[in-house]
Amino acid sequence: MKQKRARTAATRFKVGDHVTWNSEAGHVSGTIVAVHTKDFRYKGYVHHASADDPQYEIRSDKTDHIAAHKGGVLHRQPSASMRRAGRGTNRKKR
């Protein structure tokens, strides 16, 4: 008998966090511009959100398009200052 995996809480994000997610067009990156903790209407659809499972509005870095996603599909990116300093990368030091 298979055991079900316990679902873990998604990472919490805040306005200004830089994130990436996988879309139909490939990986996209952007900045969180709003956090919703109640159901909200966006582009003609009701998006379900709660304090325990918020949804985030993210502005794409390349197109300025706004997308709404739950935290489970988002991955935090290092800040620009960390990238410039060489921290936050997976490169091996030689």
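What comes next concerns the included structure. (Residues numbered from 1 in each chain as written. Predicted model: local features only at pLDDT ≥ 70, side-chain atom pairs only at ≥ 80, totals over all residues. Heavy atoms only, no water.)

Attention now goes to the overall build of the protein chain. Per the secondary structure count, the protein chain includes one helix and seven strands. Its helices and strands in sequence order give the protein chain the pattern β-β-β-β-β-β-β-α, from N to C terminus. About 7800 Å² of surface is accessible on the protein chain, with carbon and sulfur atoms providing 50% of the total. (Helix = DSSP H or I, 4+ residues; strand = E, 2+ residues; numbered from the N terminus. Areas by Shrake-Rupley, 256 points an atom, 1.4 Å probe, with all protein chains shown as cover.)

Attention now goes to the pairing of strand β6 (residues 66–70). Pairing between strand β5 (residues 55–60) and β6: five bridges, direction antiparallel. The residue of β6 that forms the bridge with Tyr56 is His69. Where β5 hands over to β6, the hairpin turn is made up of five residues, of which Asp64 adopts a positive phi near 65 degrees. (Pairing = 2+ DSSP bridges.)

A word on the sheet that holds strand β7 (residues 75–76). Taken together, the five strands give an open sheet; going across it, the order is β6-β5-β2-β1-β7, and neighbouring strands pair in antiparallel fashion. Two strands bound the open sheet, and with one partner strand each, they are β6 and β7.

Two elements, strand β1 (residues 18–23) and strand β2 (residues 26–36), share six bridges in a ladder whose sense is antiparallel. When the bridges of β2 are listed, Thr20 appears paired with Ser29. Hairpin connection of β1 to β2: two residues between the antiparallel strands. Judged from the six bridges that link them, β2 and β5 form a sheet pairing that is antiparallel. Paired with Ile32 across the strands is Ile58, a residue of β5.

For the rest of this paragraph, the subject is the environment of Ala34. Residue position: Ala34 is located in strand β2. Take Ala34: its relative accessible area is 19%, and that puts it in the buried class. If we skip the residues at most four places from it in the chain, Ala34 touches Val15, Gln55, Tyr56 and Glu57. (Buried < 20%, exposed > 50% of the residue type's maximum accessible area, 1.4 Å probe, protein only. Contact = heavy atoms within 4.5 Å.)

Attention shifts here to unusual backbone geometry. With a phi angle near 55 degrees, Lys43 is a residue other than glycine that sits in the positive phi range. If you check the backbone angles, Asp64 has positive phi at about 65 degrees while not being a glycine. Here Asp64 is to be found in the loop between β5 and β6.

This next bit is on the pattern of salt bridges. According to the stated counting rule, one finds three salt bridges in the structure shown. Two residues, Lys14 and Asp17, come together in a salt bridge whose shortest N-O distance is 3.1 Å. With a closest N to O distance of 3.0 Å, Lys70 and Asp53 form a salt bridge. Residue Lys70 is located in strand β6, and its partner Asp53 is located in the loop between β4 (45–47) and β5; the two are separated by 17 residues in the primary sequence. Residue Lys70 is classed as partly exposed on the basis of its relative accessible area, which comes to 33%. We classify Asp53 as partly exposed; its relative accessible area is 26%. (Salt bridge = Lys/Arg side-chain N within 4 Å of Asp/Glu carboxyl O.)

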